[in-house]
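Listed below are the residues making up each chain.
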Amino acid sequence: MTQPLNALSLLYRISREISGRLDLADLLPRLLKEVVDTTKAPTGSIMLVDDAGRVKYSALMYEGRFQPDPDKILAETLERGLAGWAVHNRQAVLIPNTSQDPRWYQRPDDKLLGPKSAISIPLLGRERVVGALTVVKVPAGSLGQDELTLLTAIGDQAGIAVENAELFAAEQRRREISTTLREVSRVVNSTLDLQQVLQLVLDQLARVVIYDSASVLLCEGERLHVVAARGFADVPAILRVSFDAHSGASARVVREKRPLILADVRESPDWMPTELAETKRTRSWIGAPLVVKDEAIGLLSVDSHQVGAYREEDAQIVAAFAEQTATAVVNARLYAESERRLQAMRALAATSQAIVSTLDLPQILRLVAQHARELQQAEASSIALVEG
């Protein structure tokens, strides 16, 4: 009678845990701890996978201790091991003896600990498999049908709960992105200080897309010049960097007028590294074009030091920020052009007034030359008269 009571008690505790928590990073370790404590299996893991079948959240316990940075280890398990089999086949599986089943991925410690028993169950959502829960126990034969039934019941609860938490997190993220874009739009439409707006864009982008560094590049003739940057140790040095406007990843973004993701820049023939040491740490990259009236005038560039850091969703967010950036650039340029025209009109008016107010030709010529120099922001000006 004790074992059924323990199972019911575990199901009740887990039901309370998963119904009261929407933070997956907090939920997964708690859920795994409850399972390994009840089954007395000191080793276990729980992983959640995205639509592409990649690990996105996980927790790993080995001999009673949580392991740091489990995603990399469990990604290998998902590809080659028992949890991957459970996910791909949407089926719970019990292996009485891991040394006799090809579905078990043999690791170096397997020979030290000897044969084990393992159970892996898929976490089923409403329409897809959202992850897998696995427990491992020494010796072989120590896990059986009772544990399989219990873990299957847990998986049925956990799968729906995880899916609900993911939907909640996605909605929260959409709201945060929307709020952030509204703030950027407000500033874009309320100030004509281009540097202030560009810096705000990069600051706000960091709230919704994790990056190590980011920059804005604008087309100037045959080059793409960095005009704003964030996350670099030596920003002034970055602001002196420019790229060929006709070759490389940045040029490709401008030419094709659509976002580009490089999962690993070292594997891309389009990537053109700079001579600056800190830019050599870049591994993943997103470039999104700044498009105005179907013309790309530059791009928003986002860097990560991690391989495979970005997905299509991230590129879409960066593209939305690029749209706001393009608007800011256009507004600033229109303002600068209107100011230039106003200065020209003032200079012409002043010149006209000088001409009609005196008959002293040398003085008139000096005023005309002075106004022309100021209007063109030139260092010097001169007027030559032709006799005859």
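Residues numbered from 1 in each chain as written. Predicted model: local features only at pLDDT ≥ 70, side-chain atom pairs only at ≥ 80, totals over all residues. Heavy atoms only, no water.

Lay out the environment of V216 in plain terms, naming residues and giving numbers.
Positionally, V216 belongs in strand 7 (residues 213–220). The buried category is assigned to V216, whose relative accessible area is 0%. In this structure, the C-alpha to C-alpha distance between V216 and A322, residues 106 residues apart in sequence, is 8.9 Å. For V216, the contacting residues outside a window of four places in its chain are L198, L202, H225, V226, V227, A228, L290, L299, L300 and T325. (Helix = DSSP H or I, 4+ residues; strand = E, 2+ residues; numbered from the N terminus. Buried < 20%, exposed > 50% of the residue type's maximum accessible area, 1.4 Å probe, protein only. Contact = heavy atoms within 4.5 Å.)

Provide a residue-level description of unusual backbone geometry, including the pertinent values.
Going from V138 to P139, the amide bond is cis rather than trans, its omega being 5°. Mapped onto the elements of the fold, P139 is located in the loop between strand 6 (129–137) and helix 6 (145–188). A positive phi angle, near 55°, is found at K257, a position not held by glycine. Secondary-structure assignment places K257 in the loop between helix 9 (249–256) and strand 10 (260–262). A positive phi angle is found at D294, which is not glycine, with a value near 65°.

Let's hear about the sheet that holds strand 4 (residues 93–95): which residues, and what values?
With antiparallel pairing, six strands are arranged side by side in an open sheet as 3-2-1-6-5-4. Among the strands making up the open sheet, the edge pair consists of strand 3 (65–66) and strand 4. Here six bridges tie strand 1 (residues 43–49) to strand 2 (residues 55–62), and the two strands are oriented antiparallel to one another. Pairing of S45 across the sheet is with L60, part of strand 2. Each of strand 1, strand 4, strand 5 (117–124) and strand 6 is contacted by helix 4 (residues 82–89), which is oriented at about 35° to strand 5, the strand it contacts most. (Pairing = 2+ DSSP bridges. Axes fitted to C-alpha atoms, helices over the stretch in contact; angles between N-to-C directions.)

Account for helix 2 (residues 24–39), with residues named and values stated.
Across its 16 residues, helix 2 extends 22 Å between first and last C-alpha, which sits within 8% of the 22 Å expected from 1.5 Å per residue. Along helix 2, the positions that sit buried rather than exposed are L24, L27, L28, L31, L32, E34, V35, V36 and T39. Positioned one or two residues after helix 2, K40 has a phi angle of 55°, which is positive. (Expected span 1.5 Å × (residues − 1).)

Hey, could you go over the pairing of strand 2 for me, with residue numbers and the actual values?
In this antiparallel pair of consecutive strands, strand 1 and strand 2, the connection spans five residues, and G53 shows a positive phi of 80°. Here strand 2 folds back onto strand 3, and the loop between the two strands holds two residues, one of which, E63, carries a positive phi near 50°.

Run through the nonpolar core, naming residues and quoting values.
One recurring pattern in soluble globular proteins: nonpolar side chains tend to sit buried together. By size, the foremost hydrophobic cluster in this structure holds 34 residues, and its most contacted members are L205, V216, L290, L300, V302, V318 and F321. The set of elements that each furnish at least two residues to this core consists of helix 6, helix 7 (194–208), strand 7, strand 8 (223–230), strand 11 (284–292), strand 12 (295–304) and helix 10 (312–357). The dominant element in this core, judged by the number of residues it contributes, is helix 10, at nine residues. (Core = buried A, V, L, I, M, F, W, Y, C linked by side-chain atoms within 4.5 Å.)

Could you give an account of the sheet that holds strand 8, with specific residues and numbers?
Judged by pairing direction, the sheet is antiparallel, and its six strands sit side by side in the order 9-8-7-12-11-10 without closing on themselves. Each end of this open sheet is capped by a strand with a single partner; those strands are strand 9 (242–244) and strand 10. Sheet twist, expressed as the average angle between the axes of neighbouring strands with direction ignored, equals 25°. Packed on one face of the sheet, helix 7 meets strand 7, strand 8 and strand 12 and runs near 65° to strand 8.

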